[in-house]
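An overview of the molecular structure
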Amino acid sequence: MVEFLNFEVLEDHGWALQDEDLFAKAADANLQSTDFGRFYVDPNDTLLEAAEKNGFAWPFACRGGACTNCAVAVVDGEMPSPASHILPPELTEKGIRLSCIAAPVSDDAKIVYNLKHLPEVSELLL
Ligand code: FES
């Protein structure tokens, strides 16, 4: 089960990715179903495909690991990064991943999507 939160909501509420209780605060904030919720990821689907199958329009462009439009932050859980993609190590070390080429491998994960609005990511946007 993936629990997700829209990065733009963090800016609106003055929250930070590093906040320990970020998802608890989100759960109490009466957010729209497109900004906060949960869904399952089918085996062999990327996280982006799973979001789309569940009716969510998450950002993307290339769908091939080359543009960072689909970037997400993994706040909890495991989501390995394939070898070939555009993200520099300083971002993957912070848990940033590309949803078009990866999916969580842990049973549960907490994911902040829309990371293209994070300054370090937007610098890389193609
Ligand atoms: Fe371009 Fe994912 S859509 S890297």
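The structure this text deals with has already been given above.
Residues numbered from 1 in each chain as written. Predicted model: local features only at pLDDT ≥ 70, side-chain atom pairs only at ≥ 80, totals over all residues. Heavy atoms only, no water.

Quick look at the overall build of the protein
Let me state the cut-off plainly: Strands here mean DSSP runs of E at least two residues long; helices mean DSSP runs of H or I at least four residues long; both are numbered from the N terminus. In this description, contact between two residues means that some pair of their heavy atoms is separated by no more than 4.5 Å. Shrake-Rupley sampling with a 1.4 Å probe provides the accessible areas, and residues are treated as covered by the protein chains on show and by no other component. We count Lys and Arg on the positive side and Asp and Glu on the negative side, and we leave His and both chain ends out. Note on charges: their place is set at NZ of Lys, CZ of Arg, CG of Asp or CD of Glu.
Helix and strand counts for the protein come out as 5 helices and 5 strands. N-terminal to C-terminal, the α/β element order of the protein is β-α-α-β-α-β-α-β-β-α. Long-range contacts, defined here as pairs at least 24 residues apart, represent 63% of the contacts in the protein between residues at least 6 apart. Here the protein displays about 6,600 Å² of accessible surface, and carbon together with sulfur accounts for 46% of that area. Taking the average place of the 8 positive charges on the side chains of the protein and the average place of its 21 negative ones, the gap between the two points comes to 3 Å.

Section: the nonpolar core
Where we set the bar: Side-chain atoms within 4.5 Å are what join buried Ala, Val, Leu, Ile, Met, Phe, Trp, Tyr and Cys residues into a set we call a nonpolar core. Three exposure classes are used, based on accessible area relative to the maximum for each residue type with a 1.4 Å probe and protein chains only: buried under 20%, partly exposed in between, and exposed over 50%.
Residues Leu5, Phe39, Trp58, Val112 and Leu115 are the most contacted members of the largest nonpolar core, which totals 38 residues. For Val112, the residues in contact, after removing those within four places along its chain, are Leu5, Asn6, Phe7, Leu10, Leu17, Leu22, Phe23, Val72, Ala73 and Val75.

Concerning the sheet that holds strand β1 (residues 2-6)
Note the following rule: At least two bridges found by DSSP between two strands is the condition for calling them paired. Fitting a line to C-alpha atoms yields each axis, with helices limited to the stretch in contact; the angle taken between N-to-C directions then spans 0 to 180 degrees.
Strands sit in the order β2-β1-β5-β3-β4 across an open sheet of 5 strands; the sheet is mixed. The open sheet has two edge strands, β2 (36-39) and β4 (96-98), and neither has a second partner. The sheet shows a mean angle of 35 degrees between the axes of neighbouring strands, taken without regard to direction. Pairing between strand β3 (residues 71-76) and strand β5 (residues 109-113): 4 bridges, direction antiparallel. Bridge pairing in β5 links Val72 to Tyr113.

A word on the packing of aromatic side chains
Defined as follows: Any pair of Phe, Tyr and Trp rings, taking the six-membered ring for Trp, is counted once the centres come within 6.5 Å. Such a pair is stacked with planes under 30 degrees apart, edge-to-face with planes over 60 apart, and tilted for the rest. By definition, being over a ring means that NZ of Lys or CZ of Arg is both within 6 Å of the ring centre and within 35 degrees of the ring normal.
Scanning the entire structure with this criterion turns up 8 aromatic pairs. Consider the rings of Phe4 and Tyr113, whose centres lie 5.9 Å apart with planes at 65 degrees: the pair is edge-to-face. Taken together, the positions of Phe4 in strand β1 and Tyr113 in strand β5 put the pair 109 residues apart, joining distant regions of the chain. One exposure class covers both Phe4 and Tyr113, and it is buried. Cluster of aromatic residues (ring-pair linked, three or more members): Phe4, Phe39, Phe56, Trp58 and Tyr113. Directly above the ring of Phe60 sits Arg63, whose terminal nitrogen or CZ lies 4.6 Å from the centroid.

A short note on the side chain of Asn6
Convention followed: Polar contact is the term for a pair of N or O atoms within 3.5 Å; when the atoms are in protein, one must be able to donate a hydrogen and the other to accept it, and sequence-neighboring residues count only if both atoms are side-chain atoms.
Summarising the element assignment, Asn6 is placed in strand β1. Residue classification places Asn6 among the buried residues on the basis of a relative accessible area of 6%. At 3.5 Å, the side chain of Asn6 and the side chain of Tyr113 are in polar contact. Setting aside chain neighbours within four positions, we find Asn6 in contact with Asp35, Val112, Tyr113 and Asn114.

Quick word on the pattern of salt bridges
Where we set the bar: Basic side-chain nitrogens of Lys or Arg form a salt bridge, by our definition, when they fall within 4 Å of a carboxyl oxygen of Asp or Glu.
Applying the stated criterion across every chain yields a total of 9 salt bridges. When the shortest N-O distance is used, the salt bridge between Asp76 and Lys110 registers 4.0 Å. Highlighted residues: Asp76 in strand β3 and Lys110 in strand β5, separated in sequence by 34 residues. Taking relative accessible area as the criterion, Lys110 reaches 26% and is therefore assigned partly exposed. Of the charged contacts, one joins Glu120 and Lys94 as a salt bridge, the two residues approaching to 3.1 Å between their closest N and O atoms. Residue Glu120 is found in helix α5 (residues 119-122), and its partner Lys94 is found in the loop between α4 (89-92) and β4; the two are separated by 26 residues along the sequence.

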